[in-house]
Amino acid sequence: MAENDTSQEKSEDPTPKRLREAREKGEVARSRELNTTLVLLTAAGTLLVMGGSIFTRLREILTNSFTVERDALFDPTTLHAMLQLRITEALLMLLPLFAALIVGAVAGPLMMGGGGFSTKAMAPKLSKLNPLSGLKRIFSLQGLMEFGKTLFKFVLIASIAGSLLWKLSSTLLGLGHQPLEQGLMHAGYMVGWTFLSLAAILILVALVDVPFQLYTHQKKLRMTKQQVRDESKETEGKPEVKSRIRQTQYEIARRRMMAEVPKADVVVTNPTHYAVALRYDPTGMGAPRVVAKGADLVAAEIRERARAANVPLFSAAPLARALYYSTRIDQEIPAGLYVAVAQVLAYVYQLRTATQSRAPQWPDRPTDLPVPDDLLRRAPPSEH
């Protein structure tokens, strides 16, 4: 199969179909560094904004937890109720932090690969238990990149953390001389700013990892030229099938066009190479409309159907070529041919009136029809 063919180089970008199938399988670009950075930044921002109140509330919870009446210490029911109350208070205190962590955890995947849920990604794969595949992943470019990122993060964060601790050492020691509530609030702000500074450093790692993950994901989904051709056959059909479909569509359109010939007012001919059937309804059309046209054999069939339906044939070589080249089926004629076609239609109407009334004098046939040269030089459009 072409899917498993490794003899060809995967030099083609993935098609929309392949990208869609990969997304359905849960195979999208992901950056753990971006996820970690966003989670830590949201947590740090929450601590910076609410750190003081969280630490103050924590002090109140601890104070209330250790301030217990002597009789309550010997009552299991009371202690159980107090424990439930303190746990509830602690969860409510940390609820904003948990919400911020959830937002940060969801934002990362949405920024990289968009939303989506795939059950196929949850299915167990025995291939992941193969130790050879595991060693291959470890010593691959992806594995080396992960090792380099981990080492870089360790050195970077350790250096920044050591510098911050050295700079804030005197402030940390001074917290013991402050009142308890003030010291807790001060400690909360210090933790928030320190945490935010360390999390902001990870932005550098994410800026390197995100483009690398996008490139790796795109490279993984690349296709060989044979795969592109096979997919084109699957989605659009084989060339012979498409040719047969086009032929069938052409035949249907041709039969529909021929059915409109008897409704035409006149058929302008070349006289043998081209034939264009025109119809004009002054109440519903702004200009005469082409109901059928063709060349050679198709033109001969149009003329034959016109004769069978008593539709007048008007031989005018330049006008027939101009109509054939510059019009499409079921569209109005161009403005440059209004005068010439009007003269032809006027002649046909006069001829019809003279025939019905058996007038002794027939109308004069127009000979010098004005046809712009630019309409004669146009390339022939599609007939349908």
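What counts, and where the lines are drawn
Residues numbered from 1 in each chain as written. Predicted model: local features only at pLDDT ≥ 70, side-chain atom pairs only at ≥ 80, totals over all residues. Heavy atoms only, no water. Core = buried A, V, L, I, M, F, W, Y, C linked by side-chain atoms within 4.5 Å. Buried < 20%, exposed > 50% of the residue type's maximum accessible area, 1.4 Å probe, protein only. Contact = heavy atoms within 4.5 Å. Pairing = 2+ DSSP bridges. Helix = DSSP H or I, 4+ residues; strand = E, 2+ residues; numbered from the N terminus. Axes fitted to C-alpha atoms, helices over the stretch in contact; angles between N-to-C directions.

**Q** Looking at this model, I keep getting lost on the nonpolar core. Mind explaining?
**A** If you look at soluble globular proteins, the nonpolar side chains tend to sit buried side by side. Counting residues in hydrophobic clusters, the biggest one holds 26 residues, and the most contacted among them are Leu-278, Leu-319, Leu-323, Leu-337 and Val-341. Excluding residues that lie within four positions of it along the chain, Leu-319 makes contacts with Val-268, Leu-337, Ala-340, Val-341, Val-344, Leu-369 and Val-371. Counting 14 residues, the second largest nonpolar core, distinct from the first, contains Ala-292, Ala-299, Ile-302 and Val-311.

**Q** How should the sheet that holds strand 1 (residues 266-269) be read in this particular structure?
**A** Adjacent strands of a sheet pair through backbone hydrogen bonds, lying either parallel or antiparallel. Read from one edge of the open sheet, four strands run 3-2-1-4, paired in mixed fashion. Edge strands, defined here as strands with exactly one partner in the open sheet, are strand 3 (289-295) and strand 4 (313-315). Across this sheet, the average inter-strand angle for adjacent strands is 20°, counted without regard to direction. Bridge analysis of strand 1 against strand 4 gives three bridges, and the strand direction is parallel. Bridging from a neighbouring strand, Val-268 pairs with Phe-314 of strand 4. Contacting strand 1, strand 2 (274-279), strand 3 and strand 4, helix 10 (residues 297-308) crosses the sheet at an angle of about 130° to strand 3.

**Q** Help me understand the pairing of strand 1 in this model?
**A** Moving residue by residue along a regular strand, the side chains alternate between the two faces of the sheet. Of the two faces of strand 1, the one holding Val-266 and Val-268 and the one holding Val-267 and Thr-269 are both buried throughout. Here strand 1 runs beside strand 2; their pairing, made up of four bridges, is antiparallel. Bridge pairing in strand 2 places Thr-269 opposite Ala-275.

**Q** Before we go on, may I ask you to explain the environment of Asp-209 in this structure?
**A** Along the chain, Asp-209 turns up in helix 7 (residues 180-220). We classify Asp-209 as buried; its relative accessible area is 0%. Considered as a pair, Asp-209 and Lys-149 are 60 residues apart in the sequence and their alpha carbons are 8.2 Å apart. If sequence neighbours within four positions are ignored, Asp-209 has contacts with Ser-31, Arg-32, Glu-33 and Lys-149.

**Q** I'm lost on helix 11 (residues 317-326) in this one. Help?
**A** An α-helical turn contains 3.6 residues, so a residue and the one three or four places further along point in the same direction. Most of helix 11 is tucked away, with seven of its ten residues classed as buried. Turning to helix 11, its buried residues number three or more, namely Leu-319, Ala-320, Ala-322, Leu-323, Tyr-324, Tyr-325 and Ser-326.

Interpretation in functional terms is not warranted from these geometric data alone.
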